[in-house]
Amino acid sequence: MTSQQAMGSLLCGPGIFLLFLALGCLATPGTHLCTTGPIDEAAICASVKSISEDEVRAASSRDHPTCHVQLAQYACIPRPWLQVWKEDFLTSLYHCLVASGPPSALAPTYSTLLFSKIDLPILETSLERFSQQFSQALLSDQWAGVLFNGLWGRLGPIFQAREAQVTWAQWLSGIQPFLLHPEAFYCLAAQNTSCETFHNLISVLNDVYSSLEAEKQRKIFEGIEAFLLQEGSGSHCQEETVPGLNSSSWLANYLGFFLERATEEELKKLVDEPKFQMLARDPATLHLVSQLHLTPDLASFYAALLTSPPRLNFSSIPDTLICHLRPEALGKIEFEESLALVQRLNKACFDPPPQLDGNKSVSEPPSWEALQVASRLLSGFGDLSEAVLRSLGPAAVGLPVSQIEEHLGGRDLVAALPALAQVRGWSPRQARALLGKLLESGYEVSDAQSLAALGSLVSGLSSAGLQSLAPRVVLEAMGEPGFAQHLAHIPALLKTAFVEQLALAVPNPITLVQAVPDTLTEAIPSAILAFSLDDQPRFDDLNSRRWTAVQAAMFFNEVVKNVSDFDSISPYILHGFTCASASSLDLEQVHRLAKVMERKNVTLGAEQLSCLAKRVSEDGIPEAALDEYPKDMLLFLSPSAYTRTGGCKHFFTRVGQSNVDILQKDSLLRSRLLSEALTCLGISDTRVTKEDICILGQLACDLDGRYINDSAEVLLPQLEQCGGPFSPDQKEATNMALRSGDSPYGPPSRWSVSTLNALQGLLPVLDRHIIQNIPQSIVTSWLKRALLDPSWPRENLRAFIQNLQSSRHRRDANQCPEGEITEISEELVIYTEKELWECLNTSLLAANLDKLKTIPFTYQQEEVFKAKLDKLYPDGYPEVVINNLGSLFKLVTPEDIQKWNVTSVETLTTLLQATDKNDMAMAVINRYIQGGGPLNAMALNVIGSKYFCSLTEEQLNSIEPSEFRMVNSLNPSACSQAQKKILYPKARTAFQGILFPQYYRLIQPYLDGAPPQDIKDLSQKNVNMDIGTFKKLQKEAILPLTPEEVRGLLGQNLPGLKAEEKTSPVREWILKQRQDSLDALGIGLTGGIPNGYIIISRRNRHR
């Protein structure tokens, strides 16, 4: 391996860093490449092969440096010979050392001997040159330790004697590349560096902290930890009787800003928790923490230390920790103190930080931790007056629904509406509760001003309520200052209702595009965007909006036809790229377009990428230019083109960085890519290296269990990032590796909270045996936070909790050991089913169903909840309960649904999103229709392609053709032929008047029901029908087509017909054609009627 390759493997991706972060890995005791004490030069040099002075001169030549001289040989030559070395000798030496392989046990000793012989000025200058070259790179861990051992042995005592801080800072810049490796800090310990010197070192490192990248900061912390946990001595630099080592500012003195990069487990190793509580409250340390951005886990731990008895006064807690206060610390607080905390919460956790120019940053939703703190504080407020409501500010989003319903007066709410209307992040249930209170108090939404005054509370409006307003009212509300921005996070159904109202208020599509704010752009139906040639919108009006890919496809062709500078086109238009445009552009334009898509990080689908790849590969892409094209497009290129040029590693590195999931996991193309990648890397067995994984990237997610068995150390961290689903053999091999402890995570019995965090993507794989071997205290501590954190996939947590059924982790099934349950919270996941049945009040359950949706209860626990609801509502659930069932809906039966009233499209939406079973979905849809719900565009959007074909022919016949023009998109391919024959005329009527090619894009999904003449007409329109659509046409529509009509229909896709010549209905069509007409197509079709034969109709033959 060359030195450059060695450095490449060290710098490959963030995986290794994340692993160190998760596990706190440090060098194993006894293996550190550090020495101390006097050196017997004669003894250690006795067996070293001697070299001449000329060889030394030749090896150190700036023009012709060589690597044939070993470190031991350099160390053992006479001191005068070394004076020929130039100022860059350390750089050359390092490259040679790395290229020579791993260091020997004596390498640290030779390093110390070598640097003891070099003149100080040369050494300092060389160190400066070295640090300049490697300031942005990580060194070899082992060789960094070896070199630092010698450098510190030579220079450390000199600089420890210098008191000037500026001198320390200057020299620190030289040794900084070495301090990024924990091994260097072991050498500081081995050479008995004093705590005072170490303190000075941390002070200087603090000065450069902000200039370091996060990974370097983390590396230095690992080194600090190594020094402070010296072997066999426990925590170092802590002595109660020694001044300087017993300071309450110990954390600030010995960790400094690097405290930001620690984990809770690592800090507990350094200081026991009782002492840590004392150190954490030190004023200097609190000031330090106020300047840090601690990880959420560490901030929560630190805040808990400050609020545990005796609780520190809240006014002394830094603002950076206010967002992370634990709920249990917020009980029994006086109203005035709570209100003061709310004000600080608003400032620290809800207000966007200022930018450099003094303006506010773009608002981000508040964190779940901040919402939790706000909710706990506000739950104790009692009755809410107008003055209190106005003073809550953004933190009002934490108001519990029960608080709104029980402690909020209508008049106070109306008076405080201007303040509450500006609060971001209301949940749907909060918004509905607040809006309901408003309307009950007499507030009327009757004009543009009263609608706009709702602000963020507009998300609580029902679609029916909005549609009851005059369209002009909605149009005028869009012009009210600030109202449009509140529409960004309203439900999709309500966005559709807004657009429908606006469409009724304006005369044409172009005016609609101008009237709809960008916060509603995604809800504009595609058919409305089929602009006529004489009535095209301005490019700037289109280019400033965030279109979906389906929307942008409606006008993409016209944009690229009229805009020569592709760089000026928005990514939200570029992702509407169509195969038709790929054929209409010349090759140079296609290449330019593809490169712009890469620069703008445009996301395309499989069909789009396949079309793009076909065009750009017509004249090939040089290996050197691969980086200029979309990574995802490479999935559809042939790797063989780059195998011949020797560029296959570069090619597969790009493929590994792509979204491989664009290809179905078991697809032939994806399997072939992995096979060719393994061949490219020379992997013939089932062992892979870190470098292999770096190149394979996401392709490594498909490596089967054999590779995991042989390469778990490097493969499991990559699998954790894959996200699944995993094959049975991958799961089995992963569990085997984790159970054995032969993985980078160690045995389950030694896992920590950080380990479980690092295993997030593998959580569903863990079996019960593994989970039961994790320390119970770790599981409890981890669950306490993970259950609250919405970033954890609920199904992953459910799978984990499902395996906590053993009594070791579950509570004993005592009858209500802590009294009746009074709150629905995450703690209920550890209750047994019997406890839940006996201790949970059913009315409390029904009133807090929305909370159940965020907690990953087991299926058995959910069955208890369902049984309790059945007992409370024997005649059927009320609609407010139905809308909050969440995952409980999976336990409902069609017979249950027959008892319900599904009266709104909102309820229809909620229930269809909660099931994946067709019989349940149809039971819900039928109840909606039976209750008088119309099958309009809004309902069809909710029903979607998934259940559209489950509608009866009678129900389909009831749909007005005009509704298809307002539907976003439907795919009726799963419908019966009888259904398709109903749908096609309706769609044709809906889209009549729209010009090609937009008409074809809209009618294409319905062509399965088109009659023969309509298909013949399409053959004259240059539609470039894909083979898949062609094969789905009615056979009676395909068989009458002539070869020339088929050519006109398929266009550039005609060659694909050859691959289908033996499949139906292509085979039947071929049999009806004359062979000479087939030959004229020029694609090699065979099997037609031979020339000279006469076709006699079977019917005519018997006349």
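Everything that follows concerns the structure shown earlier in this document.
Predicted model, so just to flag it, every value in this text is computed and none were measured.

Trainee: Hey, could you go over the overall build of the protein for me, with residue numbers and the actual values?
Mentor: Check the secondary structure of the protein and you find 67 helices and 0 strands. Along the first, second and third principal axes, the C-alpha set of the protein runs to 115 × 85 × 55 Å. Across the 1103 residues in the protein, those meeting the buried criterion constitute 51%. A sequence separation of at least 24 residues applies to 70% of the contacts in the protein between residues at least 6 apart. Here the protein displays about 49200 Å² of accessible surface, and carbon together with sulfur accounts for 51% of that area. A distance of 6 Å separates the average location of the 95 positive side-chain charges in the protein from that of its 123 negative side-chain charges.

Trainee: Describe helix 12 (residues 195-208), listing the residues and the values that go with them.
Mentor: Here helix 12 spans 20 Å end to end across 14 residues, near enough to the 20 Å set by a 1.5 Å rise per residue. Of the residues making up helix 12, those classed as buried are C195, T197, F198, L201, I202, V204, L205 and N206.

Trainee: I'd like a rundown of the side chain of N884, residues and numbers included.
Mentor: With respect to the element layout, N884 can be found in the loop between helix 52 (879-882) and helix 53 (894-897). A distance of 3.0 Å separates the side chain of N884 from the backbone oxygen of V880, its partner in a polar contact. Ignoring any residue separated from it by four or fewer positions in sequence, one finds N884 in contact with R429, L849, D850 and K853.

Trainee: Can you explain the nonpolar core? Please cite residues and give values.
Mentor: Core analysis: the largest hydrophobic core is formed by 366 residues, its most contacted members being L451, F498, F1030 and L1057. Ranked by residue count, the leading element in this core is helix 9 (residues 141-160), at 9 residues. With near-sequence residues (within four places) excluded, L451 lies in contact with V445, V458, L461, L466, L469, V474, A477, F483 and F498.

Trainee: Explain the pattern of salt bridges to me, using residue names and the numbers behind them.
Mentor: Taken as a whole, this structure holds 41 salt bridges when the rule is applied. Residues R785 and D297 are paired through a salt bridge, measuring 2.3 Å at the closest nitrogen-oxygen approach. One end of the pair, R785, is in helix 46 (residues 776-786); the other, D297, is in helix 18 (residues 296-307), with 488 residues separating them in the sequence. For R785, a relative accessible area of 17% translates into the label buried. Close ionic contact of D1014 with R988 constitutes a salt bridge, the shortest N to O distance being 2.7 Å. Here D1014, found in helix 61 (residues 1012-1018), pairs with R988, found in helix 59 (residues 977-991); they are 26 residues apart in sequence, far enough to count as distant. Among the residues examined, R988 registers a relative accessible area of 34% and is labelled partly exposed.

Trainee: Go over the packing of helix 20 (residues 335-350) against helix 21 (residues 368-378), please, and point to the residues and values.
Mentor: Interaxial distance between helix 20 and helix 21 falls to 10 Å at its minimum, and their mutual angle equals 165 degrees. The orientation of helix 20 with respect to helix 21, classified from their angle, is roughly antiparallel. Crossing handedness for the pair helix 20 and helix 21: left-handed. Along its contact with helix 20, which presents S338, L341, V342, L345, C349 and F350, the element helix 21 presents A370, L371, V373, A374, L377 and L378. Along the lines of polarity and charge, the residues of the contact of helix 20 with helix 21 split into 11 nonpolar, 1 polar and no charged.

Trainee: Describe the side chain of Q73, listing the residues and the values that go with them.
Mentor: Along the polypeptide, Q73 turns up in helix 5 (residues 71-76). The residues touching Q73, leaving out its near neighbours within four places in the chain, are V48, K49, I51 and H68.

Trainee: Give me helix 64 (residues 1043-1050): which residues, what numbers.
Mentor: Among all positions in helix 64, only P1043, E1045, V1046, L1049 and L1050 are buried. Angularly, the buried residues of helix 64 cover 155 degrees about the axis, an arc narrow enough to put them on a single face. Where helix 64 is buried, its residues meet helix 61, helix 62 (1027-1032), helix 65 (1066-1071) and helix 66 (1075-1079). Directly after helix 64, the chain includes G1051, whose backbone phi takes a positive value near 55 degrees.

Trainee: Requested: an account of the state of the cysteines, with residues and values cited.
Mentor: Enumeration over the complete set of coordinates arrives at 7 disulfides. Across a sulfur-sulfur distance of 1.9 Å, C701 and C722 are joined as a disulfide pair. Its S-S torsion of approximately -90 degrees makes the covalent link between C701 and C722 left-handed. Placement of C701 in the loop between helix 41 (690-696) and helix 42 (705-720) and of C722 in the loop between helix 42 and helix 43 (728-740) is noted, with a sequence separation of 21 residues between them. Bridging C949 to C975, the disulfide has an S-S length of 1.9 Å. Here C949 and C975 share a disulfide; its torsion about the S-S bond, -85 degrees, makes the bridge left-handed.

Trainee: So what's going on with unusual backbone geometry? Which residues, and what values?
Mentor: Along the chain, F996 connects to P997 via a cis peptide bond; the corresponding omega equals 5 degrees. The topology assignment puts P997 in the loop between helix 59 and helix 60 (998-1003). P1065 follows S1064 through a cis peptide bond whose omega is 0 degrees. With respect to the secondary-structure elements, P1065 resides in the loop between helix 64 and helix 65. Residues other than glycine seldom take positive phi values, yet N192 does so here, at roughly 55 degrees. Mapped onto the elements, N192 comes out in the loop between helix 11 (182-190) and helix 12. The exposed category is assigned to N192, whose relative accessible area is 62%.

Trainee: Go over the packing of aromatic side chains, please, and point to the residues and values.
Mentor: Using the criterion set out here, one finds 28 aromatic pairs in the structure. These aromatic residues form a ring-pair network of at least three members: Y94, F130, F134, F148, W152 and F178. In this arrangement the basic side chain of R592 is found over the ring face of F566, its NZ or CZ atom lying 4.6 Å from the centre. Looking at K868, its charged tip hangs above the ring of W837, at a distance of 4.8 Å from the centre.

Trainee: Let's hear about the packing of helix 29 (residues 492-505) against helix 56 (residues 937-948): which residues, and what values?
Mentor: Two measures define how a pair of helices packs: the angle their axes make with one another and the distance between the axes. Between helix 29 and helix 56, the shortest axis-to-axis distance is 10 Å and the interhelical angle comes to 150 degrees. Accordingly, the angle class assigned to the pair helix 29 and helix 56 is roughly antiparallel. Judged by the twist between their axes, the crossing of helix 29 over helix 56 is right-handed. Facing helix 29, whose interface residues are L493, T496, A497 and E500, helix 56 presents A937, M938, N941 and V942. In the contact of helix 29 with helix 56, the residues fall into 5 nonpolar, 2 polar and 1 charged.

Criteria and cut-off values
- Residues numbered from 1 in each chain as written.
- Predicted model: local features only at pLDDT ≥ 70, side-chain atom pairs only at ≥ 80, totals over all residues.
- Heavy atoms only, no water.
- Helix = DSSP H or I, 4+ residues; strand = E, 2+ residues; numbered from the N terminus.
- Buried < 20%, exposed > 50% of the residue type's maximum accessible area, 1.4 Å probe, protein only.
- Contact = heavy atoms within 4.5 Å.
- Areas by Shrake-Rupley, 256 points an atom, 1.4 Å probe, with all protein chains shown as cover.
- Lys, Arg positive; Asp, Glu negative; His and termini not counted.
- Charge placed at Lys NZ, Arg CZ, Asp CG, Glu CD.
- Expected span 1.5 Å × (residues − 1).
- Polar contact = N/O pair within 3.5 Å; in protein donor to acceptor, adjacent residues only side chain to side chain.
- Core = buried A, V, L, I, M, F, W, Y, C linked by side-chain atoms within 4.5 Å.
- Salt bridge = Lys/Arg side-chain N within 4 Å of Asp/Glu carboxyl O.
- Axes fitted to C-alpha atoms, helices over the stretch in contact; angles between N-to-C directions.
- Parallel < 35°, antiparallel > 145°, perpendicular 65-115°, else oblique.
- Left-handed = near helix turned anticlockwise from the far one by under 90°.
- Nonpolar A, V, L, I, M, F, W, Y, C, P; charged D, E, K, R; others polar.
- Arc of directions from axis to C-beta.
- Disulfide = S-S within 2.5 Å.
- Phe/Tyr/Trp six-rings, centres within 6.5 Å; stacked < 30°, edge-to-face > 60°.
- Lys NZ or Arg CZ within 6 Å of the ring centre and 35° of its normal.

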